[in-house]
Amino acid sequence: MRKNIVLSLIMTVCVVVLSFACVKTDAVKEATVNADKMDVVNVVNTNTADGVLEARFLNMLNHNFVYNDAFYNDSALANDSMLALIDAAPDGFVDSAVLSDYIFNMYGKIYNDFGFLGDTEKDGYVYIIPRGYNIYTHEISSVTDNKDGSYTVLTEVEISYEDGSFETASCETVFLENTESAFGYNIMYSIIEEGIVADSQC
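On a predicted model such as this, the values are computed, not experimentally measured, just so you know.

(A) Inspection of the overall build of the protein at higher detail. Looking only at helices and strands, one finds 5 helices and 7 strands in the protein. Reading the protein from its N terminus to its C terminus gives the helix and strand order α-α-α-α-β-α-β-β-β-β-β-β. Long-range contacts, defined here as pairs at least 24 residues apart, represent 57% of the contacts in the protein between residues at least 6 apart. Total accessible area computed for the protein in this model is approximately 12,400 Å², and 56% of it derives from carbon and sulfur atoms.

(B) Representation of the environment of Leu53 within the structure. Position of Leu53 relative to the elements: it lies in helix α3 (residues 51–61). Judged by its relative accessible area of 10%, Leu53 is buried. Separated by 90 residues in sequence, Leu53 and Val143 place their C-alpha atoms 9.2 Å apart. In this structure, Leu53 is in contact with Tyr151 and Tyr185, ignoring residues within four places of it in sequence.

(C) Quick look at the packing of helix α4 (residues 74–82) against helix α5 (residues 96–107). One way to put it is that α4 packs onto α5 with a least axis distance of 10 Å and a crossing angle of 105 degrees. As summarised for this structure, α4 and α5 are arranged roughly perpendicular, according to the angle between their axes. On the side of α4, the interface is formed by Leu77, Ala78, Ser81 and Met82, while α5 contributes Leu99, Tyr102, Ile103 and Tyr107. Here the residues of the contact of α4 with α5 sort into 7 nonpolar, 1 polar and no charged.

(D) α4, seen in detail. Among the residues making up α4, those that are buried are Leu77, Ala78, Asp80, Ser81 and Met82. The inward-facing, buried residues of α4 abut β1 (93–95), α5 and β3 (125–127). The N-cap of α4, judged by a side-chain oxygen 3.0 Å from the amide nitrogen of Ser75 a few residues on, is Asn73.

The rules behind each value
Residues numbered from 1 in each chain as written. Predicted model: local features only at pLDDT ≥ 70, side-chain atom pairs only at ≥ 80, totals over all residues. Heavy atoms only, no water. Helix = DSSP H or I, 4+ residues; strand = E, 2+ residues; numbered from the N terminus. Contact = heavy atoms within 4.5 Å. Areas by Shrake-Rupley, 256 points an atom, 1.4 Å probe, with all protein chains shown as cover. Buried < 20%, exposed > 50% of the residue type's maximum accessible area, 1.4 Å probe, protein only. Axes fitted to C-alpha atoms, helices over the stretch in contact; angles between N-to-C directions. Parallel < 35°, antiparallel > 145°, perpendicular 65-115°, else oblique. Nonpolar A, V, L, I, M, F, W, Y, C, P; charged D, E, K, R; others polar. Polar contact = N/O pair within 3.5 Å; in protein donor to acceptor, adjacent residues only side chain to side chain.

Now the structure itself:
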């Protein structure tokens, strides 16, 4: 009888050991691989599932007035940036500190003063030169993770002119992560393609 008990115990241990041996770890690996693939697809797919990131990029683009070569010209970048701050300058002058903060948060560039704008800067304020300007309204086509802390965003942008006409063009923008920016990202450049998709009169 003692032999039967010992044999039963041995058989029980064998069954338990074999049960663990039969458990496949492939399912765990497959789940991990699939999760990694989904992360890539969600970001790289033309309709990104990362709605928060997409909304952040869209918000920045719809407040952006700096395009093409203006990114490489301090005067053009500063003057175009002021267009986004018109509401904060009812008398035509914007606080230079506000302008500096805006430029840093949007584009990552640091300006301690705006003397390069000439006589338009005085007593801590910068004068917004009166001029016509266009309104840009973006719609995201795709968001691509470049795997280096940057994202390439392709949009269709409607450009509204003062005379009531508008054009729709393609735009490519690169965002670079910047934890010190209020947006979490900076626009490195934004290029509007020369080829116009549509041209209409209102």
